[in-house]
Amino acid sequence: MHKEINQTVKDNYLRYQSIGDKVKTLKSTDIVLHQNQNHAGSQVGDIALTFPDDDECGRLNVSLNVDKTKSFAFKIFCDDLMPEPCYRFDSDGPSHTNPPAANLVLRDRRVHAPHFHKYDQDGRETAYKTDELASDETSFVGNYQKALSHFFDEERVSVEGSVQILTETLPLGDRDFEDPLKGVEFK
Amino acid sequence: MIDLMSNVEGLYAEIRSDFDSMWSIKDRNATVEFITPYTTLGDDAISVFVTQRDDEYVVSDGGRLYDVGKEQGVELDGHKGFHYGELITKFSVKVVEQAQTKRRFFYKMVSDMKMLSAAIYDVAHFQEAMANAVYLDTMFAPEEPRESVYFRRKVNEALKQKTRDLSSEKKKYEYIRDDKIRFCRFSSGIREVGTNKLWLGMTICRSNINNYRHSVYQAEFGFRYANQFLPDADLRMSTVVDKLPTALVNNREAGLLQVVMNDWPKRRIKSHSFDEIIGMASMDTLFAA
């Protein structure tokens, strides 16, 4: 559930930061997606992340919406710290408006998807775009491979070889933003 | 700083241009997503999706409100406080639910292109009102009651265990949690079997100020009336707090706890209602006397 302030991050900000800063290693290169039990329209898969000195436990979570939106998301969880993802990338979905507390000029408050999310020191979730994402956003929308490797760069995940996302029902490939109203009958 | 009144036109132009810059579109094949300048309390920009069916334009939320409900774990029409029906009437929107996915869409249909802006305006504001009704109820609602319940449970479990551990042939303790005790807001009690000695425990969860205040009010009530409800008992009443206070507990809101905790935990509480305050870790001391 979305909360205005994530108290856990606020109270443990240094630890939260170090989870992002440390170089994490992906334990396997095959990410197998399965049906999400809590959400009919989505498939998810997890792979463990190894931290240097094994001082944290973490996982990479890949989710794919097979419903109307056909978007995908990459998240880094640290279950010991909190149930919410620490860092994430969304390929599509609502544009984020960074809150008044961020004190930005109006023009800079909007961050359209695809975008990254992280928390600030007050436990407030903020969205941002990397330079690569800002300059060529559509090339990331359908290309999960490109998006994933960019996510790994941004979140310091190291991996040997190339990562494969395995899903039975939906071949992932290059495509545009999906039409959420396809096939919907309005009276 | 530019004088406000000397440059009204310029400022007006600049502000409008800033607001305009909030608009954006996304091409979604047969649908256009208009990203409006409006934003929900969840910090999501409000988008309106426009598509065409036969000779009419459909202006809808694209299923975004359904997503808000999912994300916040609620049914949009499942709670009076969301004002679901009222908002649908107020903004004159229609609802369609997809049989297979149960995904719900809120929309308006217009055939005259001139009415498109009005429909976008309405659907955007409907989404804003509906999403915010949900967020006000969920996002800002204190989660902490659960935390205080969790803490009380933890204390009670520990006390049950202690009661068992410390009971011997000579002295027998009994853990009690009956209606009388709960009526005067105590979490639990321990009776020394065969005597009228009764220890009552009140948990105070200090995870946030609302919680704290609530716990303290409960304690106030309990400590004040316990004697009347349990006239025959030789009472000893304690407060168990979840976090050891560091310096000073000065609860102005309740005007109740004024305890210098520096010399914790030796000092007895001088307040009219508290016998003592103990941390969870020092629950052992309860049985020392």
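Note that the coordinates shown come from a computational prediction; the quantities given were computed from them, not determined experimentally.

Q: In this structure, what is going on with the nonpolar core? I would like to understand it.
A: Most often, soluble globular proteins keep nonpolar side chains buried together rather than apart. Counting 32 residues, the largest nonpolar core has L60, V62, F74, C86, F89, A147 and L148 of chain A as its most contacted members. Taken together, the elements giving at least two residues each to this core come down to α2 (13-21), β5 (57-65), β6 (72-77), β7 (87-90), β10 (115-119), α4 (138-141) and α5 (144-155) of chain A. If one sorts the elements of this core by residue count, β6 of chain A sits on top with five residues. Non-local contacts of A147 of chain A, meaning those with residues more than four positions away in its chain, are made with F89, S91, P114 and F140 of chain A. Counting 27 residues, the second-largest nonpolar core is a separate cluster that includes L181 of chain A together with I35, Y66 and A124 of chain B.

Q: Is there a simple way to think about unusual backbone geometry in this case?
A: The omega torsion of the bond from A113 of chain A to P114 of chain A falls at 0 degrees, within 30 degrees of zero and hence cis. Secondary-structure assignment places P114 of chain A in the loop between β9 (110-111) and β10. Phi is positive for D54 of chain A, close to 50 degrees, though the residue is something other than glycine. A residue is classified by how many C-beta atoms lie within 10 Å of it, and D54 of chain A, with 7 of them, is exposed. You will see that D43 of chain B, though not glycine, has its phi angle at about 70 degrees, which is positive. Tracing the sequence through the fold places D43 of chain B in the loop between β2 (31-39) and β3 (45-53).

Q: Would you explain the interface of chain A and chain B in this entry?
A: In many reports, interface size means the accessible area that the parts give up when they come together. Listed as interface residues are 28 residues of chain A and, on the opposing side, 39 residues of chain B. Classifying every residue of the side of chain A that touches chain B gives ten nonpolar, seven polar and eleven charged.

Q: Please explain α5 of chain A as it appears in this structure.
A: Note: α-helices contain 3.6 residues per turn, so residues at a spacing of three or four share the same orientation. Residue and element names in this part refer to chain A. Taking 1.5 Å per residue as the helical rise, α5 with its twelve residues ought to reach 16 Å, and the 16 Å between its terminal C-alpha atoms agrees with that figure. Listed in full, the buried residues belonging to α5 are Y144, A147, L148, F151 and E155. For α5, the arc enclosing every buried residue in end-on projection is 100 degrees, short of the 170-degree limit, so these residues lie on one face. Turning to α5, the residues buried within the fold contact α2, β6, β7, α4, β12 (157-158) and β13 (164-166). Immediately beyond the C-terminal end of α5, within one or two residues, lies R156, with a positive phi of roughly 55 degrees.

Q: What is the right way to read the pairing of strand β1 (residues 24-28) of chain B from this model?
A: Regular strands show a simple pattern: their side chains alternate between the two faces of the sheet. All names here are of chain B. By the bridge criterion, five bridges tie β1 to β2 in an arrangement that is antiparallel. Each residue of the ladder has a partner; that of D27, found in β2, is V32. Between β1 and the antiparallel strand that follows it, β2, lie two residues; N29 among them carries a positive phi value of about 60 degrees.

Q: Help me out: how do you make sense of the environment of L60 of chain A in this one?
A: Residue and element names in this part refer to chain A. Here L60 lies in strand β5. With 25 C-beta atoms packed within 10 Å, L60 lands in the buried category. Taking the C-alpha atoms as reference points, L60 and F77, separated by 17 residues in sequence, lie 6.4 Å from one another. Setting aside chain neighbours within four positions, we find L60 in contact with L26, D46, I47, L49, F74, I76 and V157.

Rules behind the numbers
- Residues numbered from 1 in each chain as written.
- Chains lettered and ligands numbered in written order.
- Predicted model: local features only at pLDDT ≥ 70, side-chain atom pairs only at ≥ 80, totals over all residues.
- Core = buried A, V, L, I, M, F, W, Y, C linked by C-beta atoms within 7 Å.
- Buried ≥ 20, exposed ≤ 12 C-beta atoms within 10 Å, placed from the backbone.
- Helix = DSSP H or I, 4+ residues; strand = E, 2+ residues; numbered from the N terminus.
- Contact = placed C-beta atoms within 7 Å.
- Nonpolar A, V, L, I, M, F, W, Y, C, P; charged D, E, K, R; others polar.
- Expected span 1.5 Å × (residues − 1).
- Arc of directions from axis to C-beta.
- Pairing = 2+ DSSP bridges.

Keep in mind these numbers describe shape, not what the thing actually does.
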